[in-house]
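# Geometric and topological summary
In case you want the letters, here they are:
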Amino acid sequence: LAPWVPVVGLEIHAQISSNSKLFSGSQVQFAAPPNSLVSFFDASLPGTLPVLNRRCVEAAVMTGLALNCSINKKSLFDRKHYFYADLPAGYQITQQRVPIAVNGSLSYSLCIDNKLSQMVTKTVRIKQIQLEQDSGKSLHDDTRSQTLVDLNRAGVGLMEVVMEPDLCCGEEAAAAVRELQLILQTLGSSQAVMAEGQLRVDANVSVHHPGEPYGVRTEVKNINSIRFLAKAVDYEIQRQIEELENGGTILNETRAFDSKLGCTVSMRDKEGKQDYRFMPEPNLPPLILYDAKSLPANMNHQQVVNIDWIHERLPDLPSVKRAKLVEQYGILPEHSFTLLNEDGLTEFFENVVQRTPMKPQKVIGWILKDLLSYLKQHSLTVKESPVSSSLLADLLNLLEKKEISSTAAKQVLAELWKGEGKTPLEIVTEKKLELMQDQKELEEICQAVIDGQENEVIMMVLG
Amino acid sequence: AALTGALRFQVSAALKEGRVTPTELCQKCLSLIKSTKFLNAYITVAEETALKQAEESEKRYRRGQPLGALDGIPVAVKDNFNTAGIETTCASNMLKGYISPYNATVVQKLLDQGAVLLGKTNLDEFAMGSGSTDGVFGPVRNPWSYSRQYKEKSVPKSHSEDKESNWVITGGSSGGSAAAVSSFTCFAALGSDTGGSTRNPAAHCGVVGLKPTYGLISRHGLIPLVNSMDVPGILTRCVDDAAVVLGSLAGHDPKDSTTIQDDFKPFELPDLTDVSKLSIGIPKEYHAPGLSSEILALWSKAADLFKNAGAKVIEVSLPHTCYSIVCYHVLCAAEVASNMARFDGLEYGHRSGMNKSTESMYAATRREGFNDVVRGRILSGNYFLLKQNYDNYFVKAQKVRRLIANDFVKVFRSGVDILLTPTTLSDAVPYMEFIKEDNRTRSAQDDILTQAANMAGLPAVNVPTALSERGLPVGLQFIGRSFQEKQLLTVAKWFEKQVKFPMIQLEEVKRHDHRGFQHQKSASFS
């Protein structure tokens, strides 16, 4: 059987972390009472006009720079028309002709064969990043034959990140999105929490034989976590392969991922293909951005967005942070991945290292094996850990000073987990876990053991 | 503001000196609105709030602290501007009963200056039309239909003919505002101008109609027809008043991203005596097919007036003028289709009882809420915006638009200061004749002289010039350079002074207390 080449392209919508919406002053907040964060403009009251939110532009520029994009010094806004209950104006304001950033790349790492010790770096090209409005939410109440519309989310700023179809499987998709998520969170341009709808991923999937043209692609939506992303992509690839091998065809359609069944289901739309009738947004002049060279001398700093100014203030991206951790603490690259992967873990680790003379290469073991496994077992985040970094540091200090054995230390840690407020020293004293330092006392104990086991000792001495 | 010219009787001065009070003025206007109800110029009269505003104004005058030239001045606003607490209908079933929660920026500015808002004026539905005949509240009647001047000239076709059926249209789409100003029920009114909707009715009703430069006055709160061409329009009885109103409205609005950032300084119009440094351009393409010989003669006479006064008068060419109507129709329909997409009955306005599905509710709501004109433009607009048509229609029209705008740039760059053209092809036609053709045909015909200024975003003003043979007003249009309203209005004012357009002689106005009404009978308030 001829091999199949799967092709996966992702479209990611990241909600911009800002106080107010993209084109209006109403607040951005998750889970507020329905229709409590809706301005006149969001409700599409006639005569209202969009006013661009500067913070959203900065967020998009930051993100573009972090993804190695060219920032377009002039970008345009367009209207994308369709009728839906959660789109009050009957159109979405987006950037279809000239988006704010283009031609970037995202590097991410994969473990080969699930071996954390064998990581390989891959790159996916970023086609573009565009600013656009989020829609409201509609909930279908079938029992009462009604649709409930909540416009709180209508008009919230989104960055749509469009990737080229460089990915080939669920694992790559998951790793790429995870890295993007970390980058966005580091920048602060989006909180990127998938569960709160701040990061939404649609996957375009197709398969073809090598050397032949790309196959028909389907779009998979309704993916609610990174784990499900990998599952959905892999399922869809498999489904398409099976369909084609059985002589069937792939329809260019939209499919929804059903997480319970672990499969994709056709969202057969009776309408057929939509013509969005794109038109320039006449109420927004072109978005002009400046850099140090093009900034006019008399321009008010408050009135413009300066790309270079933003570039200078970018924080260390995850890849840089990891490299620094490896260099600074002598830990392994895969360690740095795990540290960054858990929210707050890097900070925890660094706090412990600061408070103990124990070598970071030893501390990391305690963090990644002991602490992390406890957290995972109890489904806790680092922030929720009953063992604080100072407590752990105290414990490791006892170990480092050889006041307790490493076995004893693990016992103390188990006690600390109960979160009863006792210090490591108190637990050691309580449970008499101190390492004996008195030579004479140790000899007496050993002698007592030997005396009690005469036969075994003779056997051992005889060989 | 402008309190110049002791010879002219000014209402503002009268208010300041206490010779008339804001309440008296307001009451007179309200009473006159009632007695001219047959004009159908007003959709909503906000009697209670107007009187309250007048009271507040009066208190300020008594303290000697009026807010400015507009304090206590009764004004009217076209019903496509949002007014908080007062119905805004756009003369459409879609917005009947709609009470907006906010004021348009221009409305707020008027109120902040102490103006007294009498009510909302009638228009073509959603400002689509050139007659003010196609709104759900019925057509507006031109006050000149009832003037002595018109009645003297009109020959009844038969003895039994109902005099009433001979009334003429106001032109449109800001016909209600033009009629309101023309019939003395207010001192100034706001209209809107997308293809001539302020200048056209101004010409037919014998009032000054100013279309400002695009981007000078905020559109926030003006329910849009074509976002890239709409401007709030100003209707007054004299050019000086237009300058005062302009001064109170112009300037950057953070709520409207298409307004320019530059500081705007309100100005007083000088009394021009020497026009020898002026260069007046006469665009030959504005001798359009269908232009009445009467207006042609008047246009020529006006050109001579300037020439004889020492100005340089030259013929110029705006070669792409003939394409502007089709270009306008494509761009207008496309933007209309887009702007009207929000009227789905969900958040506000009319909602159909049809509730089988969201789609069916949308379709029924829009069919019930919009008239044929609006629906026609939505359908064609969506057609032009389809992916397969976009380049051939929308993009092509945008390119032609650029050519039209460049025509003006070239002419102004060649040393011409102001262009002089007719505003309309003829004087106002009787309603019965007007409705023989459909809205689209009429719009195409009537917009031809005014429309290009909207394409180019230029300021333009109609100045009432003379009465036609039928005793109806005819106006001429001046078009100026971008943001050069001061120059434009200075020339317009000089011209106004030369032609001495007669005052309308309306019986209804005469019937009112003659003494009290002296203020209104004079043309201006400033």
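Identification of chain B as GATA amidotransferase from Baryphthengus martii is taken from an unreviewed UniProt entry.

Under an unreviewed UniProt entry, the name given to chain A is GATB amidotransferase, and the source organism is Baryphthengus martii. Quoted verbatim from the Catalytic activity (unreviewed entry) field of the UniProt record, the comment on chain A reads "L-glutamyl-tRNA(Gln) + L-glutamine + ATP + H2O = L-glutaminyl-tRNA(Gln) + L-glutamate + ADP + phosphate + H(+)".

## Some thoughts on the overall build of chain A
Regarding its fold elements, chain A presents 13 helices and 16 strands. The C-alpha radius of gyration of chain A comes to 29 Å, more than 25% above the 23 Å expected for a compact globule of 463 residues. For chain A, the C-alpha atoms occupy an extent of roughly 95 × 65 × 55 Å along the three principal directions. Looking at chain A as a whole, 49% of its 463 residues are labelled buried. Accessible surface computed for chain A: about 23600 Å², of which carbon and sulfur atoms make up 52%. The average position of the 47 basic charges and that of the 59 acidic charges among the side chains of chain A differ by 5 Å.

## Remarks on the domain arrangement of chain A
Residue and element names in this part refer to chain A. Looking at chain A, the domain boundaries give domain 1 (5–288) and domain 2 (318–431). Placing a centre on the C-alpha atoms of domain 1 and another on those of domain 2 gives a separation of 37 Å. Listed as interface residues are 9 residues of domain 1 and, on the opposing side, 9 residues of domain 2. On the surface where domain 1 and domain 2 come into contact, there are 1 salt bridge. In this structure, Glu179 engages Arg322 in a salt bridge whose closest nitrogen and oxygen atoms are separated by 2.6 Å. Seen at the junction of domain 1 and domain 2, the total is 2 residue pairs in polar contact (both at pLDDT 80 or more). Counting residues per element, the side of domain 1 that touches domain 2 draws most heavily on helix α2 (residues 170–187), which supplies 5 residues. Classifying every residue of the side of domain 1 that touches domain 2 by side-chain character gives 4 nonpolar, 3 polar and 2 charged.

## A closer look at the environment of Ser18(A)
Residue and element names in this part refer to chain A. By the element assignment, Ser18 lies in the loop between β1 (5–15) and α1 (54–66). On a C-alpha basis, the gap between Ser18 and Gln92 in space is 19 Å, while along the polypeptide they are 74 residues apart. Ser18 has contacts with Val28, Asn53, Arg55 and Cys56, leaving out every residue within four places of it along the chain.

## A word on the UniProt feature "domain: Asn/Gln amidotransferase" (unreviewed entry) in chain A
With numbering matched to this structure, UniProt assigns "domain: Asn/Gln amidotransferase" (unreviewed entry) to residues 347–462 of chain A. End C-alpha atoms of residues 347–462 of chain A are separated by 55 Å, and the span's content is 71% helix alongside 0% strand.

## Regarding the pattern of salt bridges
All names here are of chain A. Applying the stated rule across the entire model yields 41 salt bridges over all chains. Linking Glu172 and Lys122 is a salt bridge whose minimum nitrogen-to-oxygen distance equals 2.6 Å. One end of the pair, Glu172, is in helix α2; the other, Lys122, is in strand β7 (residues 115–133), with 50 residues separating them in the sequence. Accessibility expressed as a relative area gives 3% for Glu172, which makes it buried. Among the ionic pairs, Lys418 bridges to Glu415, the shortest N-O distance being 2.7 Å. We classify Glu415 as buried; its relative accessible area is 12%. Three or more residues are tied together by salt bridges with common partners; here these are Glu236, Arg239, Glu253 and Arg255.

## As for the interface of chain B and chain A
How big an interface is tends to be expressed through the accessible area that disappears when the partners come together. At the junction of the two partners, chain B supplies 42 residues and chain A supplies 32 residues. Interface area, chain B with chain A, both sides summed: about 2800 Å², of which 56% is carbon and sulfur. Of all residues in chain B, Ser257(B), Ser338(B) and Arg342(B) bury the most surface against chain A, accounting for 20% of the area lost on that side. Where chain B meets chain A, there are 0 salt bridges.

## Digging into the sheet that holds strand β15 (residues 279–280) of chain A
With antiparallel pairing, 3 strands are arranged side by side in an open sheet as β5-β4-β15 (chain A). Sheet topology places β5 (91–94) and β15 of chain A at the edges, where each strand pairs with a single neighbour.

## Structural notes on the environment of Ser259(A)
Residues and elements named next belong to chain A. Along the chain, the position of Ser259 falls in the loop between β13 (254–258) and β14 (263–266). With relative accessibility at 35%, the residue Ser259 sits in the partly exposed group. Along the primary structure Ser259 and Asn224 are separated by 35 residues, whereas in three dimensions their C-alpha atoms are 8.5 Å apart.

## Side note on unusual backbone geometry
The peptide bond linking Gly172(B) to Ser173(B) adopts the cis configuration, its omega dihedral lying at 10°. For Ser173(B), the location among the structural elements is in the loop between α5 (148–153) and α6 (175–182). With a phi close to 50°, Ala192(A) is a non-glycine residue in the positive phi region. Among the residues examined, Ala192(A) registers a relative accessible area of 0% and is labelled buried. Positive phi, close to 50°, is recorded for Ser379(A), a residue that is not glycine. Mapped onto the secondary structure, Ser379(A) falls in the loop between α8 (360–377) and α9 (389–400).

Rules of the game
- Residues numbered from 1 in each chain as written.
- Chains lettered and ligands numbered in written order.
- Predicted model: local features only at pLDDT ≥ 70, side-chain atom pairs only at ≥ 80, totals over all residues.
- Heavy atoms only, no water.
- UniProt positions renumbered as here; feature names shortened; annotations may be inferred.
- Helix = DSSP H or I, 4+ residues; strand = E, 2+ residues; numbered from the N terminus.
- Rg over C-alpha atoms; globule rule 2.2 N^0.38 Å.
- Buried < 20%, exposed > 50% of the residue type's maximum accessible area, 1.4 Å probe, protein only.
- Areas by Shrake-Rupley, 256 points an atom, 1.4 Å probe, with all protein chains shown as cover.
- Lys, Arg positive; Asp, Glu negative; His and termini not counted.
- Charge placed at Lys NZ, Arg CZ, Asp CG, Glu CD.
- Domains from an automatic or database assignment.
- Contact = heavy atoms within 4.5 Å.
- Salt bridge = Lys/Arg side-chain N within 4 Å of Asp/Glu carboxyl O.
- Polar contact = N/O pair within 3.5 Å; in protein donor to acceptor, adjacent residues only side chain to side chain.
- Nonpolar A, V, L, I, M, F, W, Y, C, P; charged D, E, K, R; others polar.
- Buried area = accessible area lost by both parts, 1.4 Å probe.
- Pairing = 2+ DSSP bridges.

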